Amino acid sequence: MPTRDRTHRDLSHPLAPGTWTYPGDPPVTVEPQATIESDGYRVSALSFGTHAGTHVDAPSHTEPDGTTVDEIPVETFAFDGVLAPVEVGAREPVTEDHLPPVPDDVDCLVLDTGWRTHWGTDRYLDHPYLSEEAAAWCADHGIAVAVDAPSVDPSPSENVERA
């Protein structure tokens, strides 16, 4: 059963040197450019890929002419959501049968698979994923999806059995 809670929560992970990144993506670096001790102020150079930490995939991530995240109005990302506990294992699909009933005033399901406990480890890539049927159901009902994993799609991993 989904959890109704009208409080706001920040579910993001902070960006800092050593933050987990998707394999092959650039690391997060923070390099001092000026320090309070020597310059009287602090300035740092930040470098990271667009998939570092908690992020939103814009349509441009997979579509050649897709919208970039800066072209999407920020209010697009304000949702009335429910936290939906989902019990599935590593590399198992979240199917339509796993989705809870969604109240009419809710426009986002936050799928809590428990995978957040693997943040920062290689096991994080062996996360559950959203099945095509469940994704279609959400899209057909105007429901956005957030997950406690790196993606709604399966991720490549050393632990995947090779065909």
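Look above for the structure.
Residues numbered from 1 in each chain as written. Predicted model: local features only at pLDDT ≥ 70, side-chain atom pairs only at ≥ 80, totals over all residues. Heavy atoms only, no water.

A. Quick look at the overall build of the protein chain. A count of helices and strands for the protein chain gives 2 helices and 7 strands. Along the protein chain, from the amino end to the carboxyl end, the secondary structure elements read β-α-β-β-β-β-β-α-β. Per-residue burial for the protein chain yields a buried fraction of 28% across its 163 residues. Across the protein chain, every contact between residues at least 6 apart in sequence was considered, and the portion connecting residues at least 24 apart equals 65%. By element, 52% of the accessible surface of the protein chain is carried by carbon and sulfur atoms, the whole surface being about 10,900 Å². (Helix = DSSP H or I, 4+ residues; strand = E, 2+ residues; numbered from the N terminus. Buried < 20%, exposed > 50% of the residue type's maximum accessible area, 1.4 Å probe, protein only. Contact = heavy atoms within 4.5 Å. Areas by Shrake-Rupley, 256 points an atom, 1.4 Å probe, with all protein chains shown as cover.)

B. Inspection of the nonpolar core at higher detail. The biggest cluster of nonpolar side chains holds 14 residues, and the ones touching the most others in it are Val94, Leu99, Leu109 and Leu111. Within the residue set of this core, elements represented by two or more residues are strand S3 (81-85), strand S5 (108-112) and helix H2 (132-140). Residues contacting Leu99, with those up to four places away along its chain left out, are Val94, Leu109, Leu111, Ala134, Trp137 and Cys138. Core analysis: the next-biggest nonpolar cluster, separate from the first, contains 5 residues, Trp20, Trp115, Tyr124 and Leu125 among them. (Core = buried A, V, L, I, M, F, W, Y, C linked by side-chain atoms within 4.5 Å.)

C. Inspection of the environment of Phe77 at higher detail. Along the chain, the position of Phe77 falls in the loop between strand S2 (43-47) and S3. Phe77 sits in the partly exposed class, given a relative accessible area of 32%. Linking Phe77 and Ala144, residues 67 residues apart in sequence, is a C-alpha distance of 9.4 Å.

D. Region of the structure containing the pairing of S5. Counting buried residues along S5, 5 of its 5 residues qualify, which places the element largely inside the surrounding structure. Pairing analysis gives 5 bridges linking S3 to S5, with the strands arranged parallel. Residue pairing for S5: Val82 is matched across the bridge by Leu109. As defined by bridge partners, S5 adjoins strand S7 (residues 144-147) across 4 bridges and the pair is classed as parallel. Counterpart to Val110 in the pairing with S7 is Ala146. (Pairing = 2+ DSSP bridges.)

E. A look at the pattern of salt bridges. By the definition in use, this model includes 3 salt bridges. Here Arg116 makes a salt bridge to Asp148, at a shortest N to O gap of 3.4 Å. With a gap of 32 residues between them, Arg116 in the loop between S5 and strand S6 (129-130) and Asp148 in the segment after S7 connect regions that are remote in the sequence. Residue classification places Arg116 among the partly exposed positions, given a relative accessible area of 44%. Several salt bridges converge on common partners, so that one network encompasses Asp112, Arg116 and Asp148. (Salt bridge = Lys/Arg side-chain N within 4 Å of Asp/Glu carboxyl O.)

F. Representation of the packing of aromatic side chains within the structure. Evaluation of the coordinates by the stated rule reveals 3 aromatic pairs. A centroid spacing of 4.9 Å and a plane angle of 85 degrees characterise the contact between Trp20 and Tyr124, whose relative ring orientation is edge-to-face. With Trp20 in the segment before strand S1 (29-34) and Tyr124 in the loop between S5 and S6, the pair connects residues that are 104 residues apart, well separated along the chain. Like Tyr124, Trp20 is buried. For Tyr124, a relative accessible area of 5% corresponds to the buried category. One aromatic cluster in this structure is built from Trp20, Trp119 and Tyr124. (Phe/Tyr/Trp six-rings, centres within 6.5 Å; stacked < 30°, edge-to-face > 60°.)

G. Representation of the sheet that holds S7 within the structure. The 3 strands are arranged S3-S5-S7 in an open sheet whose pairing can be described as parallel. Of all strands in the sheet, those bounded by a partner on one side alone are S3 and S7. Within this sheet the neighbouring strands show an average axis-to-axis angle of 25 degrees, counted without direction. (Axes fitted to C-alpha atoms, helices over the stretch in contact; angles between N-to-C directions.)

Function-wise, these values are silent; they only describe arrangement.
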